[in-house]
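Structural overview
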Amino acid sequence: MSHTLTLPSGDQLHYQLERRQRRTVGLKITAAGLVIHAPKRITQSHLESLIALKADWIRKKLAALTANQIPALQWQDGEQLLLLGNMFTLAIKHDLRSRAVEYAPGILHLAMPNHNDQTAVARKVVQWYKKQALVDFARRLALFSTRLGVALPTLFLSNAQTRWGSCNSKKEIRLNWRLLQAPPHIINYVICHELAHLKEMNHSAKFWAVVASIYPDYKSAEKELKTLSLQLHRM
Ligand SMILES: [Zn+2]
């Protein structure tokens, strides 16, 4: 039977419950998610308090499961890639003379002599992403810095493995080019977050108030970015 438990953190945990002839509660993470084997006579509230105690362990295991379900990118013709939250198709054509990269809505056309070389394809696509990212991020940065009433900071792209953005005292903002895969409201959030650091170089309540002044729904954006993170790092 399928159940949902709301944890003290507010997160919802879905699980399958199977009552068995047994004395202890068993937790198992399967491809379908969390499965709980419980003794026939244990009450639902007792069971749920036991599950809540194991919440951290469960969350970690479920996150690992999701991570494994995201297949690695194949740098080949027909692969689906993300741009501003939308999928598009990679179309690679063998061409001895041309090395053109052209984006038409829904398709990124690549022409190259070594079209079967996945490393070469990856390099070309990433190069294209970086070029688009610089234009896209610069426009958003100009918009939100005006809204916050700060001078336009200098923009750099970053290739960090763990951070989406950073800001320093020289008023330089670095944004991960991989963010271009995310939906626009997520990119806007990261930009507002970094811009707010121009006023508050910390994560104090004062800082979050500055973020909220230009991006009120920052809490849900922060959560969404965490969920997206693994997928955005496939590239
Ligand atoms: Zn920060």
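For the structure, check the block above.
Side note on the packing of helix α3 (residues 118-148) against helix α5 (residues 205-214)
For the pair α3 and α5, the least separation of the axes is 9 Å and the interaxial angle reads 110°. For the element pair α3 / α5, the angle class is roughly perpendicular. Handedness of the crossing formed by α3 with α5: right-handed. Contact with α3, carried on its side by Phe 144, Arg 147 and Leu 148, involves Val 210, Ser 213 and Ile 214 of α5 and no other residues of that element. Along the lines of polarity and charge, the residues of the contact of α3 with α5 split into four nonpolar, one polar and one charged.

A short note on the pairing of strand β1 (residues 2-6)
The side chains of a regular strand alternate between the sheet's two faces. Residues His 3 and Leu 5 line the buried face of β1, whereas the alternating positions Ser 2, Thr 4 and Thr 6 sit on a face that is not buried. When β1 meets strand β2 (residues 12-20), the two strands line up antiparallel, connected through five bridges. Looking at β2, one finds that Leu 5 is bridged to Leu 13. Once β1 ends, the chain turns through five residues before running back antiparallel as β2, passing Gly 10 with a positive phi of about 95°.

Here we look at the packing of aromatic side chains
Throughout the structure, instances matching the rule amount to nine aromatic pairs. What links up through ring pairs into an aromatic cluster is the set Phe 88, Tyr 103, Trp 128, Tyr 129 and Trp 177. Across from the ring centre of Trp 57, 5.9 Å away, lies the NZ or CZ of Lys 54, which sits over that ring.

With respect to the side chain of Ser 145
One can find Ser 145 in helix α3. A distance of 3.2 Å separates a polar atom in the side chain of Ser 145 from the backbone oxygen of Ala 142. Filtering out sequence-adjacent residues up to four positions away, Ser 145 remains in contact with Val 150, Ala 151, Leu 152, Pro 153 and Leu 195.

Description of the pattern of salt bridges
Following the criterion strictly, the structure yields seven salt bridges and no others. Here Glu 18 makes a salt bridge to Arg 20, at a shortest N to O gap of 2.6 Å. Where salt bridges share partners, they join Asp 136, Arg 139 and Arg 140 into one cluster.

Topic: the sheet that holds strand β8 (residues 107-112)
Strands belonging to one sheet form pairs held by backbone hydrogen bonds; the direction of such a pair is parallel or antiparallel. Strand order in this open sheet of four strands is β5-β6-β8-β7, and the pairing throughout is mixed. Either end of the sheet is taken by a strand with one partner, and the two such strands are β5 (80-83) and β7 (101-104). Mean inter-strand twist for the sheet, computed between neighbouring axes without regard to direction, equals 30°.

Criteria and cut-off values
Residues numbered from 1 in each chain as written. Predicted model: local features only at pLDDT ≥ 70, side-chain atom pairs only at ≥ 80, totals over all residues. Heavy atoms only, no water. Axes fitted to C-alpha atoms, helices over the stretch in contact; angles between N-to-C directions. Helix = DSSP H or I, 4+ residues; strand = E, 2+ residues; numbered from the N terminus. Parallel < 35°, antiparallel > 145°, perpendicular 65-115°, else oblique. Left-handed = near helix turned anticlockwise from the far one by under 90°. Contact = heavy atoms within 4.5 Å. Nonpolar A, V, L, I, M, F, W, Y, C, P; charged D, E, K, R; others polar. Buried < 20%, exposed > 50% of the residue type's maximum accessible area, 1.4 Å probe, protein only. Pairing = 2+ DSSP bridges. Phe/Tyr/Trp six-rings, centres within 6.5 Å; stacked < 30°, edge-to-face > 60°. Lys NZ or Arg CZ within 6 Å of the ring centre and 35° of its normal. Polar contact = N/O pair within 3.5 Å; in protein donor to acceptor, adjacent residues only side chain to side chain. Salt bridge = Lys/Arg side-chain N within 4 Å of Asp/Glu carboxyl O.

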